[in-house]
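Examining the three-dimensional arrangement
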Amino acid sequence: MNYLPLTILAILFLDAFIIKLINKKDMAKLLSLVGLAISSVLSVIMLAHVYKTGAPIELRMLQIAQPINIVVSVGIIEALIVTMFCIVGMLIVWSSFSMIEYEVEARKLPLHYSMATLLVGSIIGVIIFGNLINTYVFMELSTFVAAAAIMIKNEKESHHAGVRYITLSIMGSAFVLMGMVIIYSMTGSYEVSVIRQNLPAAFAADPSSLLYAMIFITVGGAFKSALFPFHIWSPNAYTYAPAPVSAMLSGLVSKPYIIFYLNTCYKMIGSEIMHQYPMIYILKAIMLMGVLGMILGSLLAIIQVDIKRMTAYSSVAQIGYIFMGIGLGSPLGLVAAVYHVISHILTKSMLFLITGLTGHRAGNRKINNLYGIGIEMPVTMALYTVGAMSMIGIPLFMGFVSKFNFALGIIESNNWWVMIILVISGLLNIIYYLPISLRGYFGKIAQDKLDNGLAFKYERKFTETLPILILGVAVVALGIFSSGLLGIITKGVSALF
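Residues numbered from 1 in each chain as written. Predicted model: local features only at pLDDT ≥ 70, side-chain atom pairs only at ≥ 80, totals over all residues. Heavy atoms only, no water.

**Details of the pattern of salt bridges**
For the record, the criterion: Any carboxyl oxygen of Asp or Glu that lies within 4 Å of a side-chain nitrogen of Lys or Arg is treated as forming a salt bridge with it. Each helix corresponds to a stretch of at least 4 residues labelled H or I by DSSP, and each strand to a stretch of at least 2 residues labelled E; elements are numbered beginning at the N terminus.
Counted according to the given criterion, the structure contains one salt bridge. In this structure, the salt-bridge partner of Glu78 is Lys267, at a minimum N-O distance of 2.9 Å. Of this pair, Glu78 sits in helix 3 (residues 76-96) while Lys267 is found in helix 11 (residues 255-269), placing the two residues 189 residues apart along the sequence.

**Notes on empty space enclosed by the protein**
The test is simple: In the cavity and pocket records, a cavity denotes points on a 1 Å grid over the protein atoms alone where a 1.4 Å probe fits but cannot get out, a pocket denotes an open set with protein on both sides within 12 Å along at least 5 of 7 lines, and lining residues are residues with an atom within 4 Å of a point. Grid points are joined across faces, edges and corners, and a volume is the space filled by probe spheres set on the points. Only Asp, Glu, Lys and Arg are considered charged in this grouping, and only Ala, Val, Leu, Ile, Met, Phe, Trp, Tyr, Cys and Pro are considered nonpolar; every other residue, Gly among them, is considered polar.
Using the criterion set out here, one finds one cavity of 30 Å³ or more in the structure. A volume near 70 Å³ is recorded for the largest cavity. Forming the boundary of the largest cavity are Ile92, Val93, Ser96, His112, Met115, Ala116, Leu119, Ala149, Pro244, Val245 and Met248. Counting residues per element, the lining of the largest cavity draws most heavily on helix 4 (residues 109-128), at four residues. In terms of residue class, the lining of the largest cavity is built from nine nonpolar, two polar and no charged.

**Some details on unusual backbone geometry**
Stated formally: Only protein chains enter the area calculation, which uses a 1.4 Å probe; residues under 20% of their type maximum are buried, those over 50% are exposed, and those in between are partly exposed.
Here the amide bond leading from Phe228 into Pro229 is cis, since omega sits at 0°, within 30 degrees of zero. Tracing the sequence through the fold places Pro229 in the loop between helix 8 (207-225) and helix 9 (234-240). At the junction of Tyr277 and Pro278, the peptide bond is cis and its omega measures out at 5° in the coordinates. Relative to the elements of secondary structure, Pro278 occurs in the loop between helix 12 (271-274) and helix 13 (280-302). Even without glycine at this site, Ala226 takes up a positive phi of about 65°. The exposure class of Ala226 is buried, given its relative accessible area of 2%. Here the phi dihedral of Asn414 falls at roughly 65°; this positive angle occurs in a residue that is not glycine. Within the secondary structure, Asn414 sits in the loop between helix 18 (398-413) and helix 19 (416-441).

**Quick word on the packing of helix 8 against helix 11**
The line we're drawing: For helices, the fitted line uses only the C-alpha atoms of the stretch in contact; every axis is such a line through C-alpha atoms, and the angle between N-to-C directions lies from 0 to 180 degrees. Just so you know how the angles are binned, under 35 degrees is roughly parallel, over 145 roughly antiparallel, 65 to 115 roughly perpendicular, and the rest oblique. Handedness of each helix crossing follows the sense of rotation of the near helix against the far helix: counterclockwise by less than a right angle gives left-handed, clockwise gives right-handed. Contacts were defined at the residue level, with two residues in contact if any of their heavy atoms lie within 4.5 Å.
Helix 11 packs onto helix 8 with a crossing angle of 160° between their chain directions and a minimal axis gap of 9 Å. It follows from the interaxial angle that helix 8 and helix 11 lie roughly antiparallel. Crossing handedness for the pair helix 8 and helix 11: left-handed. Between helix 8, through Leu210, Met214, Ile217, Thr218, Lys224 and Ser225, and helix 11, the contact on the second element is made entirely by Tyr257, Ile258, Phe260, Tyr261, Thr264, Cys265 and Ile269. Of the residues contributing to the contact of helix 8 with helix 11, the split by class is nine nonpolar, three polar and one charged.

**Notes on the nonpolar core**
Inclusion rule: Residue types Ala, Val, Leu, Ile, Met, Phe, Trp, Tyr and Cys, when buried and joined through side-chain atoms within 4.5 Å, form a set referred to as a nonpolar core.
Core analysis: the biggest nonpolar cluster contains 164 residues, and Ile124, Ile326 and Tyr384 have the highest contact counts within it. The leading source of residues in this core is helix 15 (residues 331-362), at 15 residues. Those residues in contact with Tyr384 that lie beyond four places of it in its chain are Ile307, Met310, Leu351, Ile354, Thr355, Tyr433, Ile436 and Ser437.

**Looking at helix 19**
Just so we agree on the cut-off: Expected span of a helix: the number of residues minus one, times 1.5 Å. What we call the bend at a residue is the angle made by axes fitted to the seven residues finishing there and the seven residues starting there.
Given a rise of 1.5 Å per residue, 26 residues ought to cover 38 Å, and the 39 Å separating the end C-alpha atoms of helix 19 matches this to within 8%. A maximum bend of about 30° is found in helix 19 at Tyr433, where proline Pro435 lies one to four positions downstream. A positive backbone phi angle near 110° is found at Gly443, which sits one or two residues after helix 19.

**Overview of the packing of aromatic side chains**
Rules: Each Phe, Tyr or Trp ring (for Trp, its six-membered ring) is paired with any other whose centre lies within 6.5 Å, and the angle between the two planes then decides the class: stacked below 30 degrees, edge-to-face above 60, tilted in between. Placement of a charge over a ring requires the Lys NZ or Arg CZ to be within 6 Å of the ring centre, with the centre-to-atom vector within 35 degrees of the ring normal.
In the structure shown here, the tally under the stated rule is 16 aromatic pairs. A centroid spacing of 5.0 Å and a plane angle of 65° characterise the contact between Phe223 and Phe230, whose relative ring orientation is edge-to-face. Their ring planes at 55° and their centres at 6.5 Å tell us that Tyr384 and Tyr433 sit as a pair that is tilted. Highlighted residues: Tyr384 in helix 17 (residues 378-392) and Tyr433 in helix 19, separated in sequence by 49 residues. Looking at Tyr384, the relative accessible area reads 1%, which means it is buried. Relative accessible area serves as the criterion here: at 0%, Tyr433 is assigned to the buried category. Feature note: the residues Tyr165, Trp233, Tyr238 and Phe352 constitute an aromatic cluster, connected by ring pairs. In this arrangement the basic side chain of Lys491 is found over the ring face of Tyr51, its NZ or CZ atom lying 4.3 Å from the centre.

Have a look at this one:
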């Protein structure tokens, strides 16, 4: 079992290499799907093992010399997120079979599937290693692969978005590296377990150095995960990338940096130190940035006329929720944050895939051109409505469970003013999500399309809709039957305190 994380990584990297080597579209589809399916099965086995034993997977493959020891450290939270990456990555790739050709030249399709598989592997690498240098290497790899995936679309806007992404993401990586170097200077190690042992004495002797380190890591992590106000690369990247790539960027690529940051605060540094002066100001700062993101991300989403760009700014707001939960510094806040990471992975992946389909049908992505589209594509728009209801926080959907647990975390941490922000943000979500669903099904244009016999006219085949349908069912099922998932997350979070 100890080698399962590296086995998953090896399968995905080897799969990506073989896909590009063969360079045939149909074979690329098959190999990418099979590789991600096998990885999904192995990740579920890994999660079951870690949850059952209650002990993380720890592995030292090579003990060379600082800083390049290869150390694997996978607890319940990491195993859960790896499982989500593999399963949702597989569904995105599957969905792209019938839609990527709308946006990417045929000759580049094998490259797309190779990069999709490699991207899932590289973001898994960010969270499974217990050595900061290993983590940093995969941060940089995922940055370059994600940028290439954005720029695969042969349009000037995509190239500009890719360049902006890689520039700001590398800047974020540089900040993270500076923080890592300061921590190394304090503890003499890049290994998370050794840092955790050595840091209390080092912090007692020099608390300001750890504060500076966390300022660097916070700024870098904010850039990498698109936390407001460091989100400036994300709207263009999400908007101008091909729809399946947008789904991966928003649903998957921002998440390993969130888990890395959470682990830095609570697994490597520890809750006791993070709640001491001056480190408590780091938690207050990320909570404040999260709150600003929740409000301003939603306000920016409201004024958009492009549905994909609107969904991109909505992601800024949702990332704000997650960091607000981390900044609360309470166990319930962290449970809510991790649960919302999973909710966002599922919901935003589904929404970006659907915006690609509706945009293709309407001829462009303007929201005003989507009147009546629910008549032509009722199943697709029903799934969009599921995602919208979850983002708003309607009961029976994952988003409601997230917000309910965020409220509990706010009460536990005694930050009552954040409760007001939570309510306001939910109301703002209604303003920009609900009208799209209503316009799709109701109104004069919708009635005219119904009268003209256009119902279901542009709905896709069941096999093409199935991966998005699975995401939609998961959003509802994990909202109604949330106790099992919350139990897994709670057990993982309890190990951090």
